[in-house]
Amino acid sequence: MENEHTQITSLPRIGEKAPEFKAVTTQGDINFPADYIGQWVILFSHPADFTPVCTSEFITFASQEDKFAKANCKLVGLSVDGLYSHIAWLRTIKEKIEYKGMKDVEVKFPLIEDITMEVAKKYGMIQPGESNTKAVRAVFFIDPKGIIRAMIYYPLSLGRNFDEIYRVIIALQTADAFSVATPADWQPGDEVIVPTAGSCGVAKERMESKADMHCYDWFFCTKKIDKEKVLGTILKK
Ligand code: BEZ
């Protein structure tokens, strides 16, 4: 049903190409997602520079940038602030803020200026029920082909859990590399879910087989993949 917010609340969808844009960032101009083809990328938004939740998030995320890079994953931030605000805020973070033992933190990944909200609107980051003038905390997981594979939206008041964001990147790559799915609360080394058998015959065979598999029922079978194998496949040496 259409309402006055329909245009700006249109959301990208999982499995579709990431909307394209060109933008100015703290690390120069970018052409998205073209510049990131061949790598995973997390595009995320925050409501405003010089605000406390966002500052805690930037310090936390920037401190983990190398960990994400080892998983072939780049980070790209966005808010509807201008470039000079971004530069001043990131300088303040580096020079003045110590948070939970993290200090002297340099944000090396690009932070997009989006004063026109053009990019934020393309990605459903402006959600008027929450704010007409600030982006919500969106996280898009985009694969090396430029396809949106997962997305999470949080309200303004809720700082994100970056362990979960890392878990999602590793789980998506594990699903691709081993043709499996990952169950609730999965972590590398936990059992993964093997695809549901396509026919009764295969399901029965599977239930009775002594293969390296555990079937809870015909539709729910898991197998072990060692943590070393998962991380050895995904992470750069
Ligand atoms: C914050 O990051 O602290 C924040 C930003 C916008 C609205 C509310 C909180």
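What you see is a predicted model; the values in this text were computed from it and never measured. (Residues numbered from 1 in each chain as written. Predicted model: local features only at pLDDT ≥ 70, side-chain atom pairs only at ≥ 80, totals over all residues. Heavy atoms only, no water.)

**Q** I'd like to hear about the nonpolar core, residue by residue, with values.
**A** Counting residues in hydrophobic clusters, the biggest one holds 39 residues, and the most contacted among them are Ile42, Phe58 and Phe141. Of all the elements in the fold, those that place two or more residues in this core are β3 (40-45), α1 (52-63), β4 (73-79), α3 (83-96), β6 (137-142), β7 (148-154), α5 (162-178) and α7 (227-234). Residues in contact with phenylalanine 58, not counting those within four places in the same chain, are Phe44, His46, Trp89, Leu90, Ile93, Val107, Phe109 and Leu111. By size, the runner-up hydrophobic cluster in this structure holds 23 residues, among which are Leu43, Tyr123, Ala138 and Ile142. (Core = buried A, V, L, I, M, F, W, Y, C linked by side-chain atoms within 4.5 Å. Buried < 20%, exposed > 50% of the residue type's maximum accessible area, 1.4 Å probe, protein only. Helix = DSSP H or I, 4+ residues; strand = E, 2+ residues; numbered from the N terminus. Contact = heavy atoms within 4.5 Å.)

**Q** Outline α5, supporting the account with residue identities and numerical values.
**A** Taking 1.5 Å per residue, 17 residues should reach 24 Å; α5 reaches 24 Å between its end C-alpha atoms and fits that length. Counting buried positions over the 17 residues of α5 gives twelve, a clear majority of the element. Of the residues making up α5, those classed as buried are Phe162, Ile165, Tyr166, Arg167, Val168, Ile169, Ile170, Ala171, Leu172, Gln173, Thr174 and Phe178. For α5, the side-chain oxygen to backbone nitrogen distance between the N-cap and aspartate 163 is 2.9 Å, and the N-cap itself is asparagine 161. Phi turns positive one or two residues past the end of α5, at serine 179, with a value near 50°. (Expected span 1.5 Å × (residues − 1). Polar contact = N/O pair within 3.5 Å; in protein donor to acceptor, adjacent residues only side chain to side chain.)

**Q** Outline the pairing of strand β10 (residues 220-224), listing residues and values.
**A** If a strand is regular, its side chains alternate between the two faces of the sheet. Examined bridge by bridge, strand β8 (residues 191-193) and β10 share three bridges and lie antiparallel to one another. The residue bridging valine 192 from the neighbouring strand is lysine 223, located in β10. Here strand β9 (residues 214-217) pairs with β10 via three bridges, running antiparallel. Note on β10: the bridge partner recorded for aspartate 217 is phenylalanine 220. Taking the residues between adjacent antiparallel strands as the criterion, β9 and β10 are bridged by two residues. (Pairing = 2+ DSSP bridges.)

**Q** Give me the sheet that holds β10: which residues, what numbers.
**A** If you trace the three strands from one edge of the open sheet to the other, you get β8-β10-β9, paired in antiparallel fashion. Of all the strands in the sheet, the pair left with one neighbour each is β8 and β9. For this sheet, the mean inter-axis angle between neighbouring strands, taken without regard to orientation, is 30°. (Axes fitted to C-alpha atoms, helices over the stretch in contact; angles between N-to-C directions.)

**Q** Describe the pairing of β6, with residues and values.
**A** The buried count for β6 comes to six of six residues, which makes it a mostly enclosed element. Because side chains alternate across β6, one face comprises the buried residues Arg137, Val139 and Phe141, and the other comprises Ala138, Phe140 and Ile142, equally buried. In terms of strand pairing, β3 meets β6 through four bridges, oriented antiparallel. Bridge pairing links phenylalanine 44 to valine 139 in β6. Here six bridges tie β6 to β7, and the two strands are oriented antiparallel to one another. Considered in β7, the bridge of arginine 137 is made with tyrosine 154. Between β6 and β7, which pair antiparallel in sequence order, lie five residues; one of them, glycine 146, sits at a positive phi of approximately 85°.

**Q** Explain the site of the ligand to me, using residue names and the numbers behind them.
**A** The environment of the ligand is made up of Pro47, Thr51, Pro52, Val53, Cys54, Arg137 and Leu156. Within the side chain of threonine 51, an N or O atom sits 2.9 Å from an oxygen atom of the ligand. Interatomic distance of 3.3 Å between a backbone N/O atom of proline 52 and an oxygen atom of the ligand. At three residues, α1 tops the list of elements feeding residues into the shell around the ligand. When the residues that make up the shell around the ligand are grouped by side-chain class, the tally is five nonpolar, one polar and one charged. (Near = heavy atom within 4 Å. Nonpolar A, V, L, I, M, F, W, Y, C, P; charged D, E, K, R; others polar.)

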